[in-house]
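# Coordinate inspection notes
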Amino acid sequence: MRPEMVIEMRKKQNKNGKPVSPIYAIGLVWLVYSVFFGFSGFGSLVKCCLLAWAVYMLVKSFARKGKREESNEKAPEPEAQKQPEVKPEPKPEPKPAPEPVKSTGNPELDAVIRQGRQSVKRIQELNDDIPDFKISAQLKQIEILTASIIDQVEKKEDKLKQVRQFMNYYLPTTIKLLEQYVQLQNVGLKGENITSGMQQIEDLLDKVIVAFQKQLDSLFERDVVDITADIQVMEQMMATQGLTQQKDF
């Protein structure tokens, strides 16, 4: 058969989607056989049937192949060739707001407590950015001392005057130096000035710890005076009543 005829038959389909070209091929074989050879007997009829069957199977295979090619052309692109979907970047979750400070009735004390808690949180954040074990341990001490100082002021309002300079200068200056230390630490190639600045801050940390310890200790000065006075009064009363005199048996 000529290629043009095969292609034409391949395009024809019935309503069910099945190719009808093999049926047409059978009819064409019978027509051509009868014209050129004729049906002179039973044997010629059998030969025509066999020839028709062979042509039928051949055309049917061509039709199936053509159908597969068409389906492949219409098939969607493989996943590898598809452009990856660009998903929008998730919006950063807002940081939780700091817990409100319960009012003590004294605005100045409330401000000191709020500043102290924020300072402790900031020291923790800076400590997370510093990998050096020694520096990290020193910052932990400063964090604990700061929290203890704020706790004492919160418990006893009369200690507020003792921490004003600590809150207004020493604590914010310490945090400022720690922030500068983290900035210098994160510089890729450290020169002489960067190394010198970091070393100066590292040398200062031990002094800061001592100063914070003394600040915390000074808050207990009046408590110790009261303890001493109570002990002296109690000892005098016990001596007056003869409770502290040793008896010979």
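The paragraphs below set out a description of the structure included in this document. (Residues numbered from 1 in each chain as written. Predicted model: local features only at pLDDT ≥ 70, side-chain atom pairs only at ≥ 80, totals over all residues. Heavy atoms only, no water.)

## What to know about the pattern of salt bridges
Any two side chains of opposite charge can pair, given that their charged atoms come close. Applying the stated criterion to the full structure yields nine salt bridges. Among the salt bridges present, the one from R222 reaches D158, with a minimum N-O distance of 3.2 Å. Taken together, the positions of R222 in helix α8 (residues 221-240) and D158 in the loop between α5 (133-155) and α6 (164-185) put the pair 64 residues apart, joining distant regions of the chain. The class for D158 is partly exposed, based on a relative accessible area of 42%. Residues participating in the shared-partner salt-bridge network are R122, E125 and E179. (Salt bridge = Lys/Arg side-chain N within 4 Å of Asp/Glu carboxyl O. Helix = DSSP H or I, 4+ residues; strand = E, 2+ residues; numbered from the N terminus. Buried < 20%, exposed > 50% of the residue type's maximum accessible area, 1.4 Å probe, protein only.)

## A word on the nonpolar core
If you look at the biggest cluster of nonpolar residues, it comprises 31 residues, and the most contacted ones within it are I142, V163, M167, L171 and F212. Counting residues per element, the ones that place at least two in this core are α4 (107-128), α5, α6 and α7 (192-218). Here this core takes eight residues from α7, the largest share from any one element. Excluding anything up to four places from it in sequence, V163 contacts I149, V153, Q215 and L219. (Core = buried A, V, L, I, M, F, W, Y, C linked by side-chain atoms within 4.5 Å. Contact = heavy atoms within 4.5 Å.)

## A closer look at α7
The terminal C-alpha atoms of α7, which comprises 27 residues, lie 40 Å apart, in line with the 39 Å expected from a rise of 1.5 Å per residue. The largest bend along α7 measures about 30 degrees and falls at L205. Within α7, burial applies to I194, G197, M198, I201, L205, V208, I209, F212, Q215 and L216. Where α7 is buried, its residues touch α5 and α6. (Expected span 1.5 Å × (residues − 1). Bend = angle between axes of the 7 residues up to and from the residue.)

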